[in-house]
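# Structure at a glance
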Amino acid sequence: MTHRPFTSLTARLSIVLVAVTLAVAAATAAWSYRQALEVARTLQDDILTQVATIAATTTATSADGGPDLRPLTNRFADIDLATLPQPGVPASSPEGLRTLTVNSQQLRAVVIHRVRGGALLVSQPLGVRDQIASDAARATVLPLAILIPVLLLSMVLVVRRVLTPVNRLAEQVHRRASTDLRPVDPEHAPPELRGFLSALNTQLARVRAATEHERLFISQAAHELRTPLTAMSLQLERAARASDLPTAHLRLHELDLGMRRSRHVVDQLLELAGARAESHDRGGAGPRQVVATLDSILRDVVGELLPIADAADVEVELVERPQQRDGLVLAVAPMVSILRNLLDNAIRYSPRGGHVVIDASGTDEHLVITIDDAGPGIGDPVRVLEPFFRETVQDGAGSGLGLAVVVAQLHRLGGGLTLLPTPRSSGGTRARIEIPLEGAGPPG
């Protein structure tokens, strides 16, 4: 189901407050009306009882022997005073309040016995009583009914006024250009929003740093691609002007080397860009990875690079540890990329007759792979991880992207790369990668 919240926080808050207020007001009004109705009816019963008591003690005897009731007549309240018996009410009726039906009319009546002159009946029609009680109850609820609309309007106005700084801040952010990544000033915002604005400014700073980094990366990539393409263009022109076939073959061979290097650079650029994009989206589901055992991945990578090692007269050794690698299943794409780039670097910078050793072992928590070479070593193991950085001791044949690709791929798996002097020889480098097994395995 798709949820569609209100676009305005003011509207949401106002509607919630109005709804709650109306519900509470309705419950309060119903309770007040009922209580007022009960109080009014109780008060009317008390009045009837008081009237009966007064009549029993103050009425005089008329000339014909009956009571003179004229002074006690109350036309406004429609209270009647009569002597018993009456139709349906015998003179022997017990004293007290009761509801009677006399001459097809429902009455609320009090019977009281005098010392002299017989019993009296003080009554009031139920319709009149109910009307008086209803009027009293409505008079109690009326102020609340007048107050509620005023209160609701005041609440809406107050909410709008209170949230004006929030709406103003949202409008300022909305009007910003997509390239405007300056921090938002939290000083003029309500204290409740300063934490959110601080987190937003932190995120903006990250985006700004990432954008600047990508801009620099694109500039460096353009330079790295422009240089070999220019060289290939010159070699192609020289091959076209060659006067004999051997010279043309030499120029074409140089052109082929330049094309291979350019293709290698392009492949690494695409690999690095893909690794960074997937690293930024690690929280998403993403496509499922192809998986394989660690031993098969190691042997495939070594077999792929053996021709390059043979051409460079470099021996590649894979340390056998079947008991520690048995059952380790890893995502193929990032692991192949990591191992290929590290092994390619180790072969490329090892001298002729050098020795490259690959060792991999797994524990319950981590996978550790080391690649030792016999090269000249690394002077700055931190800067060399940056894209396009090449140390002066290197021959310049590389693109400076291999280790950057490794770092990006390891970031996808939650691992890390450490460059150390190798303990296997006086010179050379040990590339040590460590990957959590839960991160190295296939995605769930």
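Please read these numbers as outputs of a predicted model, since none were measured by experiment. (Residues numbered from 1 in each chain as written. Predicted model: local features only at pLDDT ≥ 70, side-chain atom pairs only at ≥ 80, totals over all residues. Heavy atoms only, no water.)

## Quick notes on the sheet that holds strand S6 (residues 119-125)
- Here four strands make up an open sheet; going across it, the order is S3-S6-S5-S4 and the pairing antiparallel. The open sheet has two edge strands, strand S3 (80-83) and strand S4 (96-102), and neither has a second partner. Each neighbouring strand pair of the sheet contributes to a mean axis angle of 35 degrees, computed without reference to strand direction.
- Where S3 lies against S6, four bridges are found, and the strand directions are antiparallel. Pairing of Thr83 across the sheet is with Leu120, part of S6. (Pairing = 2+ DSSP bridges. Helix = DSSP H or I, 4+ residues; strand = E, 2+ residues; numbered from the N terminus. Axes fitted to C-alpha atoms, helices over the stretch in contact; angles between N-to-C directions.)

## A short note on helix H6 (residues 294-311)
- Under the 1.5 Å per step criterion, the end-to-end length of H6 is 26 Å for 18 residues, consistent within 8% with the ideal 26 Å.
- Maximal helix bending in H6 amounts to about 45 degrees, located at Leu305; proline Pro307 follows within four positions.
- Residues of H6 that are buried: Leu294, Asp295, Ile297, Leu298, Val301, Val302, Leu305 and Ala309.
- Residue Asp313 follows H6 closely and has a positive phi angle near 55 degrees. (Expected span 1.5 Å × (residues − 1). Bend = angle between axes of the 7 residues up to and from the residue. Buried < 20%, exposed > 50% of the residue type's maximum accessible area, 1.4 Å probe, protein only.)

## A few points about the pairing of S6
- Counting buried residues along S6, seven of its seven residues qualify, which places the element largely inside the surrounding structure.
- Sheet analysis places strand S5 (residues 105-113) next to S6, joined by seven bridges and oriented antiparallel. Considered in S6, the bridge of Leu107 is made with Pro125.

## Examining the side chain of Ser134
- Tracing the backbone shows Ser134 in helix H2 (residues 126-162).
- When sequence neighbours within four positions are dropped, the list of residues in contact with Ser134 reads Tyr33 and Leu37. (Contact = heavy atoms within 4.5 Å.)

## Focus on the nonpolar core
- Met335, Leu342, Leu343 and Leu417 are the most contacted members of the largest nonpolar core, which has 37 residues in total.
- Of all the secondary structure elements, the ones that give two or more residues to this core are H6, strand S8 (315-318), helix H8 (332-348), strand S10 (355-362), strand S11 (366-372), helix H9 (402-413), strand S12 (416-421) and strand S13 (429-436).
- For this core, the leading source of residues is H8, giving eight residues.
- Ignoring any residue separated from it by four or fewer positions in sequence, one finds Met335 in contact with Ile297, Leu330, Leu367, Ile369, Leu413 and Ile435.
- Ranked by size, the runner-up nonpolar core spans ten residues in total, among them Ala55, Ala56, Ile112 and Leu120. (Core = buried A, V, L, I, M, F, W, Y, C linked by side-chain atoms within 4.5 Å.)

## Brief notes about empty space enclosed by the protein
- Within the structure shown, the criterion is met by two cavities of 30 Å³ or more.
- There is about 30 Å³ of room inside the second largest cavity.
- Lining the second largest cavity, in full, are Leu298, Val301, Val302, Leu339, Leu343, Ile358 and Ile371.
- When contributions to the lining of the second largest cavity are tallied by element, the ones reaching two or more residues are H6 and H8.
- Among the elements that make up the lining of the second largest cavity, the one with the highest residue count is H6 (three residues).
- Its residues assigned to classes, the lining of the second largest cavity shows seven nonpolar, no polar and no charged. (1 Å grid on protein atoms, 1.4 Å probe; cavity = no way out; pocket = protein on both sides within 12 Å on 5 of 7 lines; lining within 4 Å. Points joined across faces, edges and corners; volume = space filled by probe spheres on them. Nonpolar A, V, L, I, M, F, W, Y, C, P; charged D, E, K, R; others polar.)

## Regarding unusual backbone geometry
- At the junction of Leu84 and Pro85, the peptide bond is cis and its omega measures out at 5 degrees in the coordinates.
- Tracing the sequence through the fold places Pro85 in the loop between S3 and S4.
- Even without a glycine there, the phi angle at Asp313 is positive, about 55 degrees.
- Residue placement: Asp313 occurs in the loop between H6 and S8.
- Residue Asp313 is classed as partly exposed on the basis of its relative accessible area, which comes to 40%.

## A few points about the sheet that holds S13
- Strand order in the open sheet formed by five strands is S8-S10-S11-S13-S12, with mixed pairing between adjacent strands. Each of the sheet's edge strands pairs with one partner strand only, and the pair in question is S8 and S12. Taken over all neighbouring pairs, the strand axes of this sheet differ in orientation by 15 degrees on average, direction set aside.
- Pairing analysis gives four bridges linking S8 to S10, with the strands arranged parallel. Its bridge partner lying in S10, Val316 is registered against Val356.
- Where H8 meets the sheet, it contacts S8, S10, S11, S12 and S13, and its direction lies at approximately 20 degrees from that of S11.
- Packed on one face of the sheet, H9 meets S12 and S13 and runs near 135 degrees to S12.

## With respect to H2
- For H2, with 37 residues, the first-to-last C-alpha span of 53 Å sits near the 54 Å given by 1.5 Å per residue.
- Considering bend angle alone, the principal kink of H2 is centred on Val141 and spans about 30 degrees; proline Pro143 follows within four residues of it.
- When we look at burial in H2, the residues that qualify are Leu126, Arg129, Ala133, Ser134, Ala137, Val141, Ile148, Leu152, Met155 and Val159.
- Next to the buried residues of H2 lie helix H1 (9-58), S4, S5 and S6.

## Examining the environment of Arg208
- Relative to the assigned elements, Arg208 resides in helix H4 (residues 191-240).
- Once residues within four sequence positions are removed from consideration, Arg208 is found in contact with Leu181, Arg182 and Pro183.

## Things to note about a nonpolar patch on the surface
- Side chains of Val16, Val20 and Val24 sit close together on the surface and give an oily, nonpolar patch of about 250 Å² of accessible area.
- Tracing the chain through its elements places Val24 in helix H1. (Patch = residues over 30% accessible without salt bridge, like charges linked within 9 Å, V, L, I, M, F, W, Y side chains within 5 Å. Areas by Shrake-Rupley, 256 points an atom, 1.4 Å probe, with all protein chains shown as cover. Salt bridge = Lys/Arg side-chain N within 4 Å of Asp/Glu carboxyl O.)

From the geometry alone we can't say anything about function, so treat these as descriptive.
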